[in-house]
Amino acid sequence: MSSSTASPASPASPGPAGPASDGPLALTSRAPQVPADRLVAEMVPPPRFDSVRFDNYIPDANQPSQAEAVRVLAGFAAGLGGGASASGAGRKRWFRREAKPAVPAGPRGVYLDGGYGVGKTHLLASLWHATPAAPEHKAFGTFVELTNLVGALGFQQTVRTLSGHRLLCIDEFELDDPGDTVLVSTLLGKLVDAGVALAATSNTLPGKLGEGRFASADFLREIQGLSAHFRPLRIDGEDYRHRGLPEAPAPFDDETVKRVAHATEGASLDDFPALLDHLSKVHPSRYGAMCDSLRAVCLTGVEPIPDQSTALRLVVLADRLYDREIPVLASGRPFDELFSAEMLNGGYKKKYFRAISRLTALARDAKSLVKE
């Protein structure tokens with residue numbers, strides 16, 4: 001991620017890509033190497049949420065839980081004022097092995113539970129902005145980015161790095177496998193012990209995490225331990241991305257997509273099946289860097305996803321494109337036909353519906369690129 005509040009400590013190399021005058025870029029030519037320090041520096045709200053605040057969140061008058069969420073989160077942010085993190089004392093305690101701060105009784109975090117497009121990420125980013133701490137003392141990332149950070153730094157170094165923070169915000173919290181369950185349960189437990197406050201968003205209540213994905217009953221202790229860190233806060237409502245908006249535009253033909261790609265500075269042009277194959281060769285933690293400098297993504301031959309592993313990789317790419325507000329112009333099948341009925345009824349259905357919602361919004365944005 002990138003933001004005006006933090007710039008990459010080391011730029012990622014996106015791989016070969018010619019200038020716009022030589023034709024469109026190709027995502028399939030990009031295999032960036034992302035240094036671990038960039039992963040840490042970019043744990044801030046993505047560009048789409050740079051300017052969000054509690055004041056510009058517009059609650060649905062028919063959904064009182066939305067206004068209540070703003071009130072609760074504003075109070076939560078105010079309660080995080082002061083503390084050791086502001087001066088970096090959290091890190092000093094770790095290295096000097098001094099006594100840990102007293103942790104307040106009860107949940108040390110808040111967990112925003114709600115459907116797609118009700119503004120959970122807007123509220124989570126607003127909480128990050130409202131928390132009275134320097135950007136380097138609060139972190140914001142998706143659940144996938146958090147687990148990728150552990151993979152890049154190692155568990156102990158991740159604990160040391162984040163223990164000096166006042167707040168850790170985790171967007172799209174979900175447990176996809178037993179390894180993530182144990183890892184995140186242990187990590188968050190250590191961070192709470194170090195005095196770090198937590199906030200998360202999800203489409204699944206904390207006590208129901210992992211259902212339909214693996215034998216979650218075998219990890220009940222870990223899941224219950226995770227639940228104990230959070231106060232659930234329900235946010236009801238319909239997907240704002242479809243509130244009063246037209247249906248997703250129909251796909252364009254190949255020639256239109258190619259013409260727009262060649263006419264748009266900073267656009268990429270890829271064959272959809274080839275892109276899916278390329279995603280299997282790039283770690284999902286690098287998908288954000290793949291999107292560096294892009295102003296539009298043009299895809300030809302969109303077709304249904306062949307398998308679940310491929311589908312989950314596309315979900316991550318869709319999230320990174322949405323974070324960066326990169327419009328997507330496509331030919332082939334419409335985005336609501338990407339995932340099979342079996343996928344949309346399975347354990348990952350919430351991820352797939354989110355991806356459809358976000359890609360549909362980006363497809364609407366791309367309509368302005370098509371000039372008659």
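As the structure is a computational prediction, the values presented were derived from the model and not from experiment.

Cut-off values and rules
Residues numbered from 1 in each chain as written. Predicted model: local features only at pLDDT ≥ 70, side-chain atom pairs only at ≥ 80, totals over all residues. Heavy atoms only, no water. Pairing = 2+ DSSP bridges. Helix = DSSP H or I, 4+ residues; strand = E, 2+ residues; numbered from the N terminus. Axes fitted to C-alpha atoms, helices over the stretch in contact; angles between N-to-C directions. Phe/Tyr/Trp six-rings, centres within 6.5 Å; stacked < 30°, edge-to-face > 60°. Buried < 20%, exposed > 50% of the residue type's maximum accessible area, 1.4 Å probe, protein only. Core = buried A, V, L, I, M, F, W, Y, C linked by side-chain atoms within 4.5 Å. Patch = residues over 30% accessible without salt bridge, like charges linked within 9 Å, V, L, I, M, F, W, Y side chains within 5 Å. Areas by Shrake-Rupley, 256 points an atom, 1.4 Å probe, with all protein chains shown as cover. Salt bridge = Lys/Arg side-chain N within 4 Å of Asp/Glu carboxyl O. Lys, Arg positive; Asp, Glu negative; His and termini not counted. Charge placed at Lys NZ, Arg CZ, Asp CG, Glu CD. Contact = heavy atoms within 4.5 Å.

Enquirer: When you look at the sheet that holds strand β8 (residues 328-332) in this model, what are you seeing that I'm missing?
Expert: Strand pairing in a sheet is mediated by backbone hydrogen bonds. Such pairs are either parallel or antiparallel. What the three strands build is an open sheet, ordered β6-β7-β8; its pairing is parallel. The sheet terminates laterally at β6 (267-271) and β8, the two strands that pair on one side only. Sheet twist, expressed as the average angle between the axes of neighbouring strands with direction ignored, equals 15°. Sheet topology note: the β6/strand β7 (residues 296-302) ladder contains five bridges and is parallel. Counted as the bridge partner of Asp270 is Leu299 from β7.

Enquirer: What's the story with the packing of aromatic side chains in this structure? I'm lost.
Expert: Pairs of aromatic rings are described using the distance from one ring centre to the other and the angle between the two planes. The tally for this structure, following the rule as stated, stands at five aromatic pairs. Ring centres 5.0 Å apart and planes at 55° place the aromatic pair Phe143 and Phe173 in the tilted group. On the criterion of sequence distance, the pair formed by Phe143 in helix α5 (residues 143-153) and Phe173 in the loop between β3 (167-171) and α7 (178-193) is long-range, its members being 30 residues apart. This pair shows no difference in class: Phe143 is buried, exactly as Phe173 is. Ring centres of Phe173 and Phe230 lie 6.2 Å apart, and the angle between their planes is 75°; on these two criteria the pair is classed as edge-to-face. Taken together, the residues Phe173 in the loop between β3 and α7 and Phe230 in strand β5 (residues 230-235) connect sequence positions 57 residues apart. Judged by relative accessible area, which is 1%, Phe173 ranks as buried.

Enquirer: Even after reading the chapter, I still don't get the nonpolar core, so can you show me in this structure?
Expert: Nonpolar side chains in soluble globular proteins tend to be buried together. By size, the foremost hydrophobic cluster in this structure holds 39 residues, and its most contacted members are Ile305, Leu338 and Phe339. Considering every element that reaches this core, the biggest residue donor is helix α12 (residues 308-323), with eight residues.

Enquirer: Any chance you could explain the environment of Asp193 here in plain terms?
Expert: With respect to the helices, strands and loops of the structure, Asp193 is situated in helix α7. Note on Asp193: relative accessible area 43%, which makes it partly exposed.

Enquirer: What should I look at first to understand unusual backbone geometry in this one?
Expert: Across the chain, the bulk of peptide bonds are trans and the bulk of non-glycine residues have phi less than zero. The backbone phi angle of Glu172 is positive, close to 60°, even though this residue is not glycine. Positionally, Glu172 belongs in the loop between β3 and α7. Unusually for a residue other than glycine, Glu325 sits at a positive phi of about 55°. Here Glu325 shows up in the loop between α12 and β8.

Enquirer: What is the right way to read a negative patch on the surface from this model?
Expert: Judged by side-chain charge, Asp253, Asp254, Glu255, Asp271 and Glu303 come together as a negatively charged surface patch. Residue position: Asp271 is located in strand β6.

Enquirer: Which parts of the structure should I look at to understand the sheet that holds strand β4 (residues 197-202)?
Expert: As summarised here, the arrangement of the five strands in space is β2-β3-β4-β1-β5, forming an open sheet in which the pairing is parallel. In the strand order of this sheet, the two ends are held by β2 (138-142) and β5, each with one partner. When strand polarity is set aside, the average angle formed by the axes of neighbouring strands in this sheet is 15°. Two elements, β2 and β3, share five bridges in a ladder whose sense is parallel. Across the sheet, the residue bridging to Gly141 is Ile170, located in β3. Here helix α2 (residues 64-78) sits on the sheet in contact with β1 (109-114), β3, β4 and β5, set at roughly 150° to β5.

Enquirer: What's the story with the pattern of salt bridges in this structure? I'm lost.
Expert: As a working rule, side chains carrying opposite charge can pair if their charged atoms are close by. In total, this model carries 13 salt bridges according to the counting rule given. A salt bridge links Arg320 to Glu145, with the shortest nitrogen-to-oxygen separation between them at 3.8 Å. With Arg320 in helix α12 and Glu145 in helix α5, this pair connects stretches of sequence that are 175 residues apart. Taken as a pair, Arg320 and Glu145 share a single burial class, namely buried. Residues Asp319 and Arg358 are paired through a salt bridge, measuring 2.9 Å at the closest nitrogen-oxygen approach. One end of the pair, Asp319, is in helix α12; the other, Arg358, is in helix α14 (residues 349-366), with 39 residues separating them in the sequence.

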